[in-house]
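The primary structure of each chain is shown beneath.
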Amino acid sequence: MEDLIKKAAKDLAASKDVVALTGAGISVESKIPPFRGKGGLWEKIDPMEYAHIDAFNKNPTKVWNVLLKDMKEIIDKAIPNDAHKGLARLEELGILKTIITQNIDGLHQMAGNTDVIEFHGTYAWHRCMDCKNRCKSSRIDLTNIPPLCDCGGIYRPEVVFFGEIIPPEHLWRSRQLASDCDLMLVIGTSATVQPAALMPHIAKESGSKVIEINPEETPLTESISDYLILGKAGEVMSSIITELERLL
Ligand code: NAD
Ligand code: ZN
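1. So, the nonpolar core
Here comes step 1: Ranked by size, the top nonpolar core spans 27 residues in total, and within it F56, V63, L67, L68, M71, Y123 and F161 carry the most contacts.
Here comes step 2: For this core, the element with the highest residue contribution is helix α4 (residues 60-77), accounting for 6 residues.
Here comes step 3: When residues are assigned to domains, this core turns out to be shared by domain 1 (1-32 + 80-120 + 167-248) and domain 2 (34-77 + 121-159), each giving three or more.
Here comes step 4: Apart from the residues within four sequence positions on either side, L68 is in contact with F56, V63, Y123, P157 and F161.
Here comes step 5: I5, A83, L96 and A233 belong to the second largest nonpolar core, which has 26 residues in total.

This is the structure we're talking about:
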């Protein structure tokens, strides 16, 4: 692992146009559970029953009670960990341009990154299903479930549920970035949710290096990734940054 950390630091130092693709795993050390993998939410609940738009439309109270309410409490308390901070440092150093994140927790922006594509939307905002009024998540009152807008409509978070489309401008820009970058860092994603998982394929096909950081192998490992640094995102990123700062 030591060798791979040194290699990653060298590869980053030699790159001009780095893009990061992040997933739920990067926020695990900020105490937000992932969906898949060890300790993931899907071990406890069935995604199609709670995270699909049809499920929400059919029974919003149930989805708010079982999934969204807890999620809001967990996300409200979370703060960036060393992996988020490491990516913010990479931007400061002029190495990293953009983060494409599948996360909805806002932790990359809180860490200081300024160009973050929220591929699956954000939990920071909610919108009324009827009048479309937008409201900051911090102003949503969860005393009664589901939370209601003044017009009586039900609030939903501005996240992309399964069964909904990715905002086309996010998809378009992410594809462009993936094909233009010279190095893609893929951190904490199981690379199974489409179309986000396509981005490392596009990067590879366009001649970019792909480096994965994950405690487990993924479908990208050995086929798309140049190498996988096995480990927790926070620990690995802080070692890479220490090494990189020595090189610069
Ligand atoms: P995923 O849940 O499918 O996979 C999580 C991945 O993270 C796994 O590969 C796992 O091995 C890895 N992992 C676990 N601990 C890690 C650590 N400490 N460091 C690095 N990696 C670690 O996540 P996904 O691929 O992002 O897809 C799931 C979907 O779930 C996303 O679309 C996202 O919208 C949503 N989600 C978001 C959050 C969040 O915002 N924090 C949390 C849960 C789910
Ligand atoms: Zn309304």
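Structure shown, so let's carry the discussion forward.
2. Comments concerning the coordination of the zinc ion (ligand 2)
Here comes step 1: Looking at the zinc ion (ligand 2), the protein donor atoms are C128 (SG), C131 (SG), C149 (SG) and C151 (SG), and they sit 2.3 to 2.4 Å from it.
Here comes step 2: Viewed at the metal, the 4 donor atoms of the zinc ion (ligand 2) are separated by angles of 103 to 116°, and the geometry they form is tetrahedral.
Here comes step 3: Within one chain, the residues serving as donors to the zinc ion (ligand 2) are arranged as C-x2-C-x17-C-x1-C. Highlighted residues: C131 in the loop between β4 (121-128) and β5 (134-136) and C151 in the loop between β5 and β6 (155-159), separated in sequence by 20 residues.
Here comes step 4: Residue class for C131 comes out partly exposed when judged on its relative accessible area of 41%.

3. Brief notes about the packing of aromatic side chains
Here comes step 1: On inspection of all chains with the given rule, the structure shows 1 aromatic pair.
Here comes step 2: Lying across the ring of W125, R134 places its NZ or CZ 4.3 Å from the centre.

4. What to know about the domain arrangement of the protein
Here comes step 1: Along its sequence, the protein is carved into domain 1 (1-32 + 80-120 + 167-248) and domain 2 (34-77 + 121-159).
Here comes step 2: Spacing between the C-alpha centres of domain 1 and domain 2 amounts to 27 Å.
Here comes step 3: Contacts between domain 1 and domain 2 engage 14 residues on the former and 12 residues on the latter.
Here comes step 4: For the pair domain 1 and domain 2, the two sides together bury roughly 940 Å², of which 60% comes from carbon and sulfur.

Conventions used here
Residues numbered from 1 in each chain as written. Chains lettered and ligands numbered in written order. Predicted model: local features only at pLDDT ≥ 70, side-chain atom pairs only at ≥ 80, totals over all residues. Heavy atoms only, no water. Core = buried A, V, L, I, M, F, W, Y, C linked by side-chain atoms within 4.5 Å. Buried < 20%, exposed > 50% of the residue type's maximum accessible area, 1.4 Å probe, protein only. Helix = DSSP H or I, 4+ residues; strand = E, 2+ residues; numbered from the N terminus. Domains from an automatic or database assignment. Contact = heavy atoms within 4.5 Å. Donors = N, O, S within 2.8 Å, 3.2 Å for Na, K, Ca; no water. Tetrahedral: all angles 85-135°; square planar, octahedral: opposite > 155°, others 65-115°. Phe/Tyr/Trp six-rings, centres within 6.5 Å; stacked < 30°, edge-to-face > 60°. Lys NZ or Arg CZ within 6 Å of the ring centre and 35° of its normal. Buried area = accessible area lost by both parts, 1.4 Å probe.

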